[in-house]
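# Observations on the model geometry
Residues per chain, in single letters:
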Amino acid sequence: MNSAGHPEAAARRGLELTPFRGLRYDPDRVGSLAAVTSPPYDVVVRPDGLLHLESADPHNIVRLILPQAATPDARNEQAAKTLRRWLSDGVLTADPEPCLYVYEQRDGEGMLQRGVIGALRVSEPSEGLVLPHEDVMPHVVADRAALMRATSANLEPLLLTYRGNGSAADTTAVIEHTIERPPLLSTTTEDGFSHRLWSITDPADLARVQSDLTRHQALIADGHHRWATYLRLRAEHASPSPWDYGLVLLVDTARYPLRVRAIHRLLHDLPVPDALAALDGLFRVRRLEVPLAEALESLADAACSGNAYLLAGDGAFHLVDQPDESLLTRTVPADQPAAWRTLDATVLHATLLAHVWHIPEDDPARIAYIHDTAATVTKAERDRGTAVLMHPVREDVVRDLARQGVTMPRKSTSFGPKPASGLVLRALDL
């Protein structure tokens, strides 16, 4: 991504990625590196996934990113004590010198992603250096901020993307000669992804990467709430301080394209029959007695022509599309670009949640945001709620809106593969 839209800010400083002394698990002190990793905190499907990860290894990173106790304060204090204990016991150790890290993920279907992990200078969206594309939920930012304050650590990296020129130059060249060396770690997680990590310590390589990144701006692919948390915590501390920086993974998507998937909604207190009854006359509804894969194909076909959703939770799938145009006119704000007004997430939040189903989008007692499609359906059926399955947004739409300074409704996209949590952490007091 170039600096279009904010040339003065980008030319003045650009992305500033700084080496740091990473905290990493000592492989001799844990069962396996795979057993101590976790998906990012907001991808873990609670409580099922949480219990599974906690039982995988007593040192699984989920005990830090999703600590369990009776109150928020107790949870955060528990995470802080756990981190201090693991450091004292040598379960986690700091690398001997500051470095950047090359991180690689690969699956069995040909997906390959490589990027650089480092401490990135935190910047406001108005500076045009790191562009958000989604709104955030204040209570989630407050929760993450309290955890970071208690632990004084960045426990998992955000996923940021930028657009290089597609050639093997600059950062890419450093990455490609770095991976010729043996990695610091190599593991394969139960989802079939292999993960490898290398350090970049050579001053010339570090300078080359840092110089290259000053010519780019980044898009937040995953981690809007954690970036908002970095901004909040930076504002709480006098600069200069370690809080001026936050842990990120930067991926050049011209070289390593990401997958863009949808994030689904689970409506806790709305049974499917009630959800469908409220749609009468407002959307077209068709019942599909087919497996999930076929239902998703029908959703993709319908999404080519306009807004479309799949509702589930009663043992069947219901394809919801062709909204009444007068309903959209009444409910979707008109002061945004057409690309924003026609997003499935926009119509879901502005029309369905706010005006048809009357469900607050930021009330965790009423709505949950889940990445895994099958898990969303299973939970809806078990809880007698309604799963709203979404079709993914194209990456170019996301980037174009971000460049215009337009944020999408919260949890509109899921870029991936996401970095595994637990491979490298950043302590702010090192």
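Up top you'll find the structure we're talking about.
Residues numbered from 1 in each chain as written. Predicted model: local features only at pLDDT ≥ 70, side-chain atom pairs only at ≥ 80, totals over all residues. Heavy atoms only, no water.

### A closer look at the overall build of the chain
The helix and strand tally for the chain stands at 16 helices and 21 strands. Radius of gyration (C-alpha) of the chain: 22 Å, near the 22 Å computed for a compact globule of 430 residues. Taken over the C-alpha atoms alone, the chain extends approximately 65 × 50 × 45 Å along its principal axes. Expressed as a percentage of contacts within the chain between residues at least 6 apart in sequence, the contacts between residues at least 24 apart total 79%. Summing over all exposed atoms, the chain offers an accessible surface of approximately 17500 Å²; the carbon and sulfur share of this is 50%. Taking the average place of the 44 positive charges on the side chains of the chain and the average place of its 57 negative ones, the gap between the two points comes to 3 Å. (Helix = DSSP H or I, 4+ residues; strand = E, 2+ residues; numbered from the N terminus. Rg over C-alpha atoms; globule rule 2.2 N^0.38 Å. Contact = heavy atoms within 4.5 Å. Areas by Shrake-Rupley, 256 points an atom, 1.4 Å probe, with all protein chains shown as cover. Lys, Arg positive; Asp, Glu negative; His and termini not counted. Charge placed at Lys NZ, Arg CZ, Asp CG, Glu CD.)

### Details of the pattern of salt bridges
Under the definition given, this model contains 26 salt bridges. As a salt-bridge pair, Arg84 and Glu77 come within 3.3 Å of each other at their nearest N and O atoms. The partly exposed category is assigned to Arg84, whose relative accessible area is 47%. Under the relative-accessibility criterion, Glu77 is labelled partly exposed at 35%. When salt bridges that share partners are traced, they join Glu104, Arg106, Arg114 and Arg196 into one network. (Salt bridge = Lys/Arg side-chain N within 4 Å of Asp/Glu carboxyl O. Buried < 20%, exposed > 50% of the residue type's maximum accessible area, 1.4 Å probe, protein only.)

### Overview of the sheet that holds strand β2 (residues 22-25)
Across the sheet, 4 strands lie side by side as β3-β2-β21-β7; this open sheet has antiparallel pairing. This sheet does not close on itself; its edge strands, each paired only once, are β3 (92-94) and β7 (153-154). Alignment of β2 against strand β21 (residues 425-427), held across 2 bridges, turns out to be antiparallel. Across the sheet, residue Gly22 finds its bridge partner in β21, namely Arg426. Against the sheet, helix α5 (residues 72-89) makes contact with β2, β3 and β7, and its axis sits at roughly 70 degrees relative to β3, the strand it touches most. (Pairing = 2+ DSSP bridges. Axes fitted to C-alpha atoms, helices over the stretch in contact; angles between N-to-C directions.)

### Some words on the layout of surface pockets
One simple way to see leftover space: roll a probe sized like a water molecule over the atoms. In this structure, the largest pocket encloses a volume near 1300 Å³. Sorting the residues of the lining of the largest pocket by element identifies α2 (33-36), α3 (48-56), β13 (259-261), α11 (292-303), α15 (373-383) and β20 (414-416) as the ones contributing at least two each. Counting residues per element, the lining of the largest pocket draws most heavily on α3, which supplies 4 residues. When its residues are assigned to classes, the lining of the largest pocket shows 20 nonpolar, 15 polar and 8 charged. (1 Å grid on protein atoms, 1.4 Å probe; cavity = no way out; pocket = protein on both sides within 12 Å on 5 of 7 lines; lining within 4 Å. Points joined across faces, edges and corners; volume = space filled by probe spheres on them. Nonpolar A, V, L, I, M, F, W, Y, C, P; charged D, E, K, R; others polar.)

### Topic: helix α14 (residues 344-356)
Count 3.6 residues to each turn of an α-helix, and residues three or four apart come out pointing the same way. Taking 1.5 Å as the rise per residue, α14 with 13 residues should run 18 Å; its terminal C-alpha atoms sit only 15 Å apart, a clear shortfall. Buried residues dominate α14, accounting for 11 of its 13 residues. Taken together, the buried positions of α14 are occupied by Asp344, Ala345, Thr346, Val347, Leu348, His349, Ala350, Thr351, Leu352, Leu353 and Val356. Of the residues flanking the end of α14, it is His358, one or two places downstream, whose phi is positive at about 55 degrees. (Expected span 1.5 Å × (residues − 1).)

Scope: geometric values only; no functional claims are made or implied.
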